[in-house]
Amino acid sequence: MERASPAAGKLNAGGRGAGDGHGPAGGAQPRAAAVGSAEPGELIGRALDFKSEGAQCYKDKKFREAIGKYHRALLELKALLLLLSQEPAGQRPPAAAAAAGLSEEQRQAVEAIEVDCYNSLAACLLQAELVNYERVKEYCLKVLQKEGENFKALYRSGVAFYHLGDFNKALYYLKEARSRQPTDTNVIRYIQLTEMKLSRCSQREKEAL
């Protein structure tokens with residue numbers, strides 16, 4: 001499970017592996033057809049199962065498989081949103097329509113699954129040989145939209161922005177991460193690297209004048 005994983009992936013790794021799209025090819029269509037008869041609790045339960053399988057794959061260093069599992073979990077949540085969407089009454093059985101609302105506990109569970117899956121996807125990408133830092137950034141920002149103080153997402157956002165060449169944003173997110181875990185050596189290292197880059201950029205600008 002991502003909440004039990006290390007604070008960051010490898011500093012020089014990541015990339016798109018198998019399953020790093022929006023779910024396995026051909027897997028979403030049968031599920032979509034079955035959404036109308038599914039209960040919210042069933043979809044949430046399946047999402048939790050896929051997330052747990054992804055966490056086990058991550059522990060076993062099967063990062064591509066883990067990515068696929070986390071995407072499957074997110075697909076279950078998309079199916080849940082489809083179930084809850086306002087469709088013509090004739091397209092859903094009465095039982096499904098009556099169960100369309102989520103309890104507070106279910107809403108919290110959905111948000112926790114999303115946060116864990118996106119954090120875990122970023123962690124998996126950082127383990128590959130060639131990092132897709134744009135995708136890492138995308139996933140981390142999704143986490144921060146829901147949990148603005150999430151340390152892992154703050155740190156990984158900083159790392160992604162650093163490698164994408166946006167050093168000002170990198171420094172912002174890294175300092176936010178440091179404010180939550182001041183002694184984390186990875187954060188400290190990346191802050192130093194980022195400040196060096198900014199200093200060099202400033203020096204070049206002065207020389208150009």
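The present account deals with the structure reproduced in this document. Given the structure is predicted, the values throughout are model-derived calculations rather than measurements.

**Brief notes about the overall build of the protein chain**
So, point 1. Of the regular secondary structure elements, the protein chain holds 9 helices and 0 strands.
So, point 2. Secondary structure elements of the protein chain occur, N-terminal to C-terminal, as α-α-α-α-α-α-α-α-α.
So, point 3. Within the span of the protein chain, comprising 209 residues, buried residues form 44% of the whole.
So, point 4. Relative to all contacts within the protein chain whose residues are 6 or more apart in sequence, the contacts with residues 24 or more apart total 72%.
So, point 5. Counting every atom, the protein chain has about 11,100 Å² of accessible surface; 51% of that belongs to carbon and sulfur.

**Examining the side chain of S157**
So, point 1. With respect to the helices, strands and loops of the structure, S157 is situated in helix α7 (residues 151-163).
So, point 2. Overall, S157 belongs to the buried group, its relative accessible area being 0%.
So, point 3. Filtering out sequence-adjacent residues up to four positions away, S157 remains in contact with C140, L141, L144 and Y173.

**A word on the packing of α7 against helix α8 (residues 167-180)**
So, point 1. Closest axis-to-axis distance for the α7/α8 pair is 7 Å, and the angle between their directions is 155°. Here α7 lies roughly antiparallel to α8, going by the angle between them. At the point where α7 passes α8, the crossing takes the left-handed sense. Residues F151, L154, Y155, S157, G158, V159, F161 and Y162 of α7 pack against F167, K169, A170, Y173, L174, E176, A177 and R180 of α8.

**Quick word on unusual backbone geometry**
So, point 1. Although it is not a glycine, K61 sits at a positive phi angle of roughly 60°.
So, point 2. The topology assignment puts K61 in the loop between α2 (40-59) and α3 (63-84).

**Quick word on the packing of aromatic side chains**
So, point 1. According to the stated counting rule, one finds 8 aromatic pairs in the structure shown.
So, point 2. Between Y58 and F63, the aromatic rings sit 5.3 Å apart at their centres with planes inclined by 70°, giving edge-to-face as the arrangement. The residues Y58 and F63 share a single accessibility class, namely buried.
So, point 3. One aromatic cluster in this structure is built from F151, Y155, Y162, F167 and Y190.

**Brief notes about the packing of helix α5 (residues 104-125) against helix α6 (residues 133-146)**
So, point 1. Here α5 crosses α6 at 155°, and the two axes come no closer than 9 Å. Overall, the two elements α5 and α6 adopt an arrangement that is roughly antiparallel. As for how α5 packs across α6, the hand of that crossing is left-handed. In this structure, α5 uses E111, E114, V115, Y118, N119, L121, A122 and L125 to contact α6, whose residues at the interface are R135, V136, Y139, C140, K142, V143 and K146.
So, point 2. When grouped by side-chain class, the residues that make up the contact of α5 with α6 number 9 nonpolar, 1 polar and 5 charged.

**Some words on the environment of R72**
So, point 1. With respect to the helices and strands, the residue R72 is situated in helix α3.
So, point 2. Taking the relative accessible area as the measure of exposure, R72 reaches 24% and is therefore partly exposed.

**Notes on the pattern of salt bridges**
Pairs can form between side chains of opposite charge once their charged atoms are near each other.
So, point 1. Counted according to the given criterion, the structure contains 10 salt bridges.
So, point 2. Here R135 ties to E138 by a salt bridge, and the two come within 3.4 Å at their closest N and O atoms. Here the residue R135 and the residue E138 both occupy positions in helix α6, the gap between them amounting to 3 residues, near one helical turn.
So, point 3. Overall, the relative accessible area of 33% leaves E138 in the partly exposed class.
So, point 4. Among the ionic contacts, a cluster of salt bridges with common partners joins E42, R46 and E76.

**Some points on the nonpolar core**
So, point 1. Core analysis: the largest hydrophobic core is formed by 54 residues, its most contacted members being Y58, Y70, L80, L121, C124, V136 and Y155.
So, point 2. Elements with a contribution of two residues or more to this core: α2, α3, α5, α6, α7, α8 and α9 (185-208).
So, point 3. Excluding anything up to four places from it in sequence, Y70 contacts K51, G54, A55, Y58, C117, S120, L121 and C124.

**Describing the state of the cysteines**
So, point 1. Per the stated rule, a full pass over the model turns up 0 disulfides.
So, point 2. In this structure C124 is a free cysteine whose sulfur lies 8.7 Å from that of C57, the closest cysteine sulfur available.
So, point 3. On the accessibility criterion, C124 (2% relative accessible area) is buried.

About the thresholds
- Residues numbered from 1 in each chain as written.
- Predicted model: local features only at pLDDT ≥ 70, side-chain atom pairs only at ≥ 80, totals over all residues.
- Heavy atoms only, no water.
- Helix = DSSP H or I, 4+ residues; strand = E, 2+ residues; numbered from the N terminus.
- Buried < 20%, exposed > 50% of the residue type's maximum accessible area, 1.4 Å probe, protein only.
- Contact = heavy atoms within 4.5 Å.
- Areas by Shrake-Rupley, 256 points an atom, 1.4 Å probe, with all protein chains shown as cover.
- Axes fitted to C-alpha atoms, helices over the stretch in contact; angles between N-to-C directions.
- Parallel < 35°, antiparallel > 145°, perpendicular 65-115°, else oblique.
- Left-handed = near helix turned anticlockwise from the far one by under 90°.
- Phe/Tyr/Trp six-rings, centres within 6.5 Å; stacked < 30°, edge-to-face > 60°.
- Nonpolar A, V, L, I, M, F, W, Y, C, P; charged D, E, K, R; others polar.
- Salt bridge = Lys/Arg side-chain N within 4 Å of Asp/Glu carboxyl O.
- Core = buried A, V, L, I, M, F, W, Y, C linked by side-chain atoms within 4.5 Å.
- Disulfide = S-S within 2.5 Å.

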